[in-house]
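What the coordinates show
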Amino acid sequence: HFASTSFSQTVSEEDNEEWRPSEPKTKTCKADRPPASKKLKAPLKRTTKRTEAQASTQPQAPEDPTHLKPAVLCKPAAEEKTKTAHVLANTGKSVLPARKKKQMKEGQKKSIAGGNIKKQRSNSPEEEMANKSGPSNRVKEERVSFIVSEATETDKCSSEGSSLSGFKLKKEEQVEDEDFTFDEPCPKKQKTSRACLGHPTFSPSSAAQTLRNELNMNWDLIELLSNLTCVERWVCENIIMLLREDNTVPFVVRYRKDMINHMDADSVRDVQLVYQELCSLAKKTQSVIQTLKKDGVLTTDLEQTLRSCRSVDELDHVYAPYKKGSKLTKARRAKALGLEVAASALMETPQTLDLRKWLKPGVEGLSSVEEVATGVEHILADMIAKDPETLTHVKTLCENCPVTIQSSVSKAALKEKVQGKGATKGHKNTAAQAKNKDIDKFQLYCDFTCNIHRIQPHQTLAINRGESLKILTVKVNIPDRVKSDFSRWCLNSRWRPKTMPREEHHLILKNAVDDSYKRLIQPFLSRSYRTKLTSAAEKESIAMFVRNLRQRLLAGPVRGSIIMGVDPGYKHGCKLAILSPTSQILHTDIFYLHASSQQREAEKLRYLMSKYSCTKVVIGNGTACRETESLFADLISRGNFHPLDVSYCITNEAGASIYSVSPEAVKEMPDLDPNLRSAVSIARRVQDPLAELVKIDPKHIGIGTYQHDVSTSALKAALDGVVQECVSFVGVDINMCSETLMRHVAGLNVGRARSIAEWREQNGPFINREQLKLVKGMGPKTYQQCAGFIRINPQTSTVSSLPCVPAKAAAKKGKGKAVISVSTSFNPLDQTCIHPESYHVAQRFLSIVGGSTDPIGSSQLRQRVENKLRSSSMEELAKTVDTSTETLQLITDGLTQPPGFDIRQNFGQADFKQGIVSMSDLQVGTVLTGRVDNTALFGAFVDIGVGRSGLIHKSNITPDKLPVNQRRRSLALGPGERVEVRVLNVDHQRGRIGLDLIRVLQ
């Protein structure tokens, strides 16, 4: 059976690595069904080699008899694909020649389950988990909220590649290539086959059908989302339900663990992103259908083809020929001449085909036999290029061959380089010289070739940038063996005519196969490979940015010290700001430490340090940093600050200048010069990194790679998400935090944060969390999302002047908040991570252990809780207090953690020192201790205190050098981690230092 299916169906094959028939059943008409005896033999020959068990694993195809054999080419392609799916569903055969073992197992799992969703839902969680097959993966720990607890090992989803998602390497290659370093993506979602940590909590049975009706697409949203994200179906269903109820990711990750199987925030955001993409695809599909209907070119088959698209690229490919202004393809022009019947006859009855019957002198395309033959070739070539089985086979051939990507210098860049060299000394061509410098930046890729399975994400992004600058020319090389094997398979199997054709007809078919491969299939494969490489590289670049930002935001704060911030400079002097332990500005000044009056300025500096008892100095790493550091090291060594024990550290000042002129800085420090504001920002970055860095756009912190080459919207969404995650999981003191920090709490925004700040100014500090309900714009949903992340500490809360809204005043306001009765007393649970919705559970648990809420975090309460947990299991206690084990675990954590507990206390703080080491002191083999400053896709930069960061290449990071709980992490090193390194090489001329990782310091 030859199926002339639409080419659009093949893009989903690229995305999901397998083609599947459309799931929904369409209306059938028995009169249109072909007799079984007329089925063609080619696909049946291929499927007879499959075992019955393999054949039975294929998903059931929808019955759609509105199809036509490819030999009769008067029907559109999508209609014929439906016939293929129907015939094969009835015969139990598979049209897919190549399937991965994992996909076969999933198919077997579905066949065993019988495809009955209601029946699956009726099973118990244990029975459902027992029916699942696949590799056993351990569930990942919550990335932030449980970062201080014992880490659990994680495994990546098998569908995630090191640099190319969607490409599958052989199992042996994957194990051999696994180096636990930067070429692997962060741990992704997991599909577990062992007992779930959570319980399958399904939304109503009609939820999946409701979503499908809303999207009006031919695929099941939940099933497709599960396949794309490698997350269990029940988890995907719960996540969608929670998101549709306007729950935030931090709230879901911390307080709904049982519904998401303990997934971390990154994994939930990935599912959310794919869900949003599928919804956008459905919306765009509906818009395209309306446009085509208005133009009068929409057919039933075309509409079904559009609704079966599973990616935007696939939708664009189907819609492209119908766009206004698009020129007709060669195949459509040939069909317009009526040659579709001739092409059909060539496949069905080649002995009776006479091309001279289509001759029409004077008509372009039909004036000679050669033109008629060319038209038939174009139609057949289009059929071949749009056939799913054909494309599946050619992809299989490519998987078994070394497909490579190659980059070289473009002709235009070479020409400009020659012009730059030929420029006279008196009249230098500055534009040509700038171009030469750009070419030098891409020296590594001027003659670069790499297997598509081995290329790293940063290499892909570098090649793309060079191509966009017209410096590099990039192409995908597919071995010639693929073409020869493909042609032989088409002529002898898939596209072999029913009867023996004459020599001239065989030549037409051979030319059609060659033309289809060269003109349509090979470019399609090249575009597909490039698209997947770029998509995977962009995702890894964004993931790297997110990981670096999280480490930077969660750096440990330096509390209880008076700190001096120094923004170094030459001509304009060094800007100084002295801050109190609570970040209040005590003094600001400008010192010219690098001028002729250095001695006088040093005495002035010593006086200020003594006056304010300042013992810690924070120096920005900008201009004159090394000179300023040398000066402070010299003053410390000479005892200039005696009796104070002064030390200093270097911190990243990226973004400080931008922040100093921002509206937030002007509002916060209206009387300060912008230069002095930057010194204040530098000091606060060490005192409380999270509170200060949230004021700055993450893109200006200088921790990303190729951030200008990735999607701006995707990058912003990911960074905003991780900022919200960090702020929420750390928690904020509602009576002390700034409005800028408050707006990043889950559930809050700019307007609600402003309303909270205004309420605080008018009524005094909050006494308890319930008073948040009195704030304008704080509805039940907003309160639910933010309450657990807001702290009310007894030290900062006093009796407010207006604890409740007066009933009469509220009654006069037609649109104001209704009268709300709230408590006016302090609740000790408000200073913990326990959500108000679980306060009654916490009280029941305290009554069981014999404690009270007054000594929250005391050693007595901690001892009682530990004794109770030793005598009874967590599961038994959870049943006793009528809650889930996840909620009870959160309650025990909140009750036993000491007052003022901060999850950042286990993260590294800034390293203060009193001496200095220069590059001239470094020798090969020197062992040093440093702190990771930044990570990239190719390695990690480590600050070793010599003014320049050294680079640990990813090849020098091996599992044996990492702690046990880090060996399963895809990114072994992150900003802020302390490491012991050995110097491999020192390039004094270029200022480059190569390092080897010895071990990670705990």
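Residues numbered from 1 in each chain as written. Predicted model: local features only at pLDDT ≥ 70, side-chain atom pairs only at ≥ 80, totals over all residues. Heavy atoms only, no water.

1. A few points about the pattern of salt bridges
Two side chains with opposite charge may pair up if their charged atoms get near one another. For the coordinates displayed, the defined rule picks out 36 salt bridges. One salt bridge connects E837 with R256, and the closest N-O pair in it is separated by 2.9 Å. With E837 in the loop between α36 (807–812) and α37 (839–849) and R256 in the loop between α12 (249–255) and α13 (257–260), this pair connects stretches of sequence that are 581 residues apart. The shortest N-O distance in the salt bridge between R904 and D902 comes to 2.9 Å. Per residue, the accessibility class of R904 equals that of D902, and both read buried. (Salt bridge = Lys/Arg side-chain N within 4 Å of Asp/Glu carboxyl O. Helix = DSSP H or I, 4+ residues; strand = E, 2+ residues; numbered from the N terminus. Buried < 20%, exposed > 50% of the residue type's maximum accessible area, 1.4 Å probe, protein only.)

2. Comments concerning the sheet that holds strand β13 (residues 949–953)
Spatially, the five strands close up into a barrel ordered β11-β12-β13-β15-β14, and their pairing is mixed. Between one strand and the next, the sheet's axes are offset by a mean angle of 50°, whatever the strand orientation. As judged from the five bridges shared by strand β11 (residues 927–936) and strand β12 (residues 939–943), these two strands associate in the antiparallel manner. Looking at the pairing, A936 lines up with G939 of β12. (Pairing = 2+ DSSP bridges. Axes fitted to C-alpha atoms, helices over the stretch in contact; angles between N-to-C directions.)

3. Side note on the sheet that holds strand β2 (residues 447–451)
In space, the three strands of this open sheet follow the order β2-β1-β3, with antiparallel pairing throughout. The sheet is open, and its two borders are formed by β2 and β3 (472–477), each paired with just one other strand. When the angles between neighbouring strand axes are averaged without regard to direction, this sheet yields 15°. Relative to β3, strand β1 (residues 404–409) runs antiparallel, the two being bridged by six bridges. Residue pairing in the sheet places Q406 in a bridge with K475 of β3. The sheet strands contacting helix α23 (residues 457–468) are β1, β2 and β3, and the helix crosses β3 at an angle near 125°. Most of the contacts of helix α25 (residues 503–553) go to β3, to which it runs at about 115°, and overall it touches β1 and β3. (Contact = heavy atoms within 4.5 Å.)

4. A few points about helix α14 (residues 265–295)
An ideal rise of 1.5 Å per residue puts 45 Å on 31 residues; α14 measures up with 45 Å between its terminal C-alpha atoms. G296, located one to two residues past α14, shows a positive phi value of around 80°. (Expected span 1.5 Å × (residues − 1).)

5. With respect to the packing of α14 against helix α32 (residues 712–730)
Direction vectors running N to C along α14 and α32 enclose 145°, while the axes themselves pass 11 Å from each other. As for how α14 packs across α32, the hand of that crossing is right-handed. On α32, the residues that touch A265, D266 and R269 of α14 are G721, V722 and E725. A breakdown of the residues in the contact of α14 with α32 according to their chemical character gives two nonpolar, one polar and three charged. (Left-handed = near helix turned anticlockwise from the far one by under 90°. Nonpolar A, V, L, I, M, F, W, Y, C, P; charged D, E, K, R; others polar.)

6. Topic: the nonpolar core
Core analysis: the biggest nonpolar cluster contains 108 residues, and I260 and I756 have the highest contact counts within it. A total of eleven residues in this core trace back to one element, the largest contributor, which is α14. Excluding residues within four positions of it along the chain, I260 makes contact with V235, I239, L242, V252, V253 and V268. Residues L346, L391, F448 and I521 belong to the second largest nonpolar core, which totals 58 residues. (Core = buried A, V, L, I, M, F, W, Y, C linked by side-chain atoms within 4.5 Å.)

7. Focus: the pairing of strand β5 (residues 574–579)
In terms of burial, β5 is a largely internal element, six of the six residues being buried. Burial along β5 is two-sided: the residues C574, L576 and I578 and K575, A577 and L579 are all buried. Looking at chain direction, strand β4 (residues 563–567) and β5 are connected through five bridges and run antiparallel. The residue bridging I563 from the neighbouring strand is L579, located in β5. Linkage of β4 to β5, two consecutive antiparallel strands, is achieved through a turn of six residues, within which G573 is found at a positive phi near 80°.

8. Structural notes on the packing of aromatic side chains
Under the definition given, this model contains seven aromatic pairs. With 6.5 Å between their ring centres and 25° between their planes, F632 and F641 make a pair best called stacked. Taken as a pair, F632 and F641 share a single burial class, namely buried. An aromatic cluster of three or more residues is present, and its members are F251, Y255, F729 and F789. Cation over ring: K616 sits above F912, and NZ or CZ is 4.6 Å from the ring centre. (Phe/Tyr/Trp six-rings, centres within 6.5 Å; stacked < 30°, edge-to-face > 60°. Lys NZ or Arg CZ within 6 Å of the ring centre and 35° of its normal.)

9. A look at unusual backbone geometry
P643 follows H642 through a cis peptide bond whose omega is 10°. Note on placement: P643 falls in the loop between α27 (625–637) and β8 (647–651). In the Ramachandran plot, K470 falls in the positive-phi region, its phi being about 60° despite a non-glycine side chain. As for its position among the elements, K470 is in the loop between α23 and β3. The exposure class assigned to K470 is exposed, which follows from its relative accessible area of 62%. Unlike most non-glycine residues, S613 shows phi in positive territory, near 55°. The partly exposed category is assigned to S613, whose relative accessible area is 45%.

10. Re the side chain of T285
Tracing the chain through its elements places T285 in helix α14. When near neighbours in sequence (up to four residues on either side) are disregarded, T285 contacts M217, L306, R307 and L315.

11. Some words on the environment of P975
Along the chain, P975 falls in the loop between β13 and β14 (978–987). Judged by its relative accessible area of 4%, P975 falls in the buried class. Along the sequence, P975 and A555 sit 420 residues apart, while their C-alpha atoms lie 8.6 Å from each other. Those residues in contact with P975, other than ones at most four positions away along the chain, are N548, Q551, V932, D933, N934 and T935.

12. What about the state of the cysteines?
Tallying each qualifying case throughout the model produces zero disulfides. The thiol of C398 is not disulfide-bonded; the next cysteine sulfur, from C401, is found 7.0 Å away. (Disulfide = S-S within 2.5 Å.)

13. Looking at helix α30 (residues 674–687)
Side chains of residues three or four places apart in an α-helix project in the same direction, reflecting 3.6 residues per turn. Taking 1.5 Å of rise per residue, 14 residues should cover 20 Å, and α30 covers 20 Å from first to last C-alpha, within 8% of that figure. Here α30 lies mainly inside the structure; twelve of its 14 residues are buried. The complete set of buried residues in α30 reads L676, R677, S678, A679, V680, S681, I682, A683, R684, R685, V686 and Q687.

14. Remarks on the packing of helix α24 (residues 480–494) against α25
Running from amino to carboxyl end, α24 crosses α25 at an angle of 135°, the nearest separation of the two axes being 10 Å. Here α24 lies oblique to α25, going by the angle between them. Where α24 crosses over α25, the handedness of that crossing is right-handed. Seen from α24, the contacting residues are V482, K483, F486, S487, C490 and L491; seen from α25, they are L509, K510, V513, D514, Y517 and I521. When grouped by side-chain class, the residues that make up the contact of α24 with α25 number eight nonpolar, one polar and three charged. (Parallel < 35°, antiparallel > 145°, perpendicular 65-115°, else oblique.)

15. Topic: the confidence of the model for the chain
Put simply, the chain has an average pLDDT of 76, and 72% of its residues get 70 or more. The model gives residues 799–815 a pLDDT under 50, and that stretch makes 21 contacts with residues more than four places away or in other chains. Here residues 964–971 is a poorly scored stretch, pLDDT under 50, and it has 26 contacts once near neighbours within four places are set aside; other chains count. (pLDDT = per-residue confidence, 0-100.)

16. Examining the pairing of β2
Residues of β2 alternate between two faces, with F448 and C450 buried on one and D447, T449 and N451 left unburied on the opposite face. Sheet analysis places β1 next to β2, joined by five bridges and oriented antiparallel. If you follow S408 over to β2, its bridge partner there is D447.

17. Thoughts on the side chain of S487
Here S487 shows up in helix α24. For S487, the contacting residues outside a window of four places in its chain are V513 and D514.

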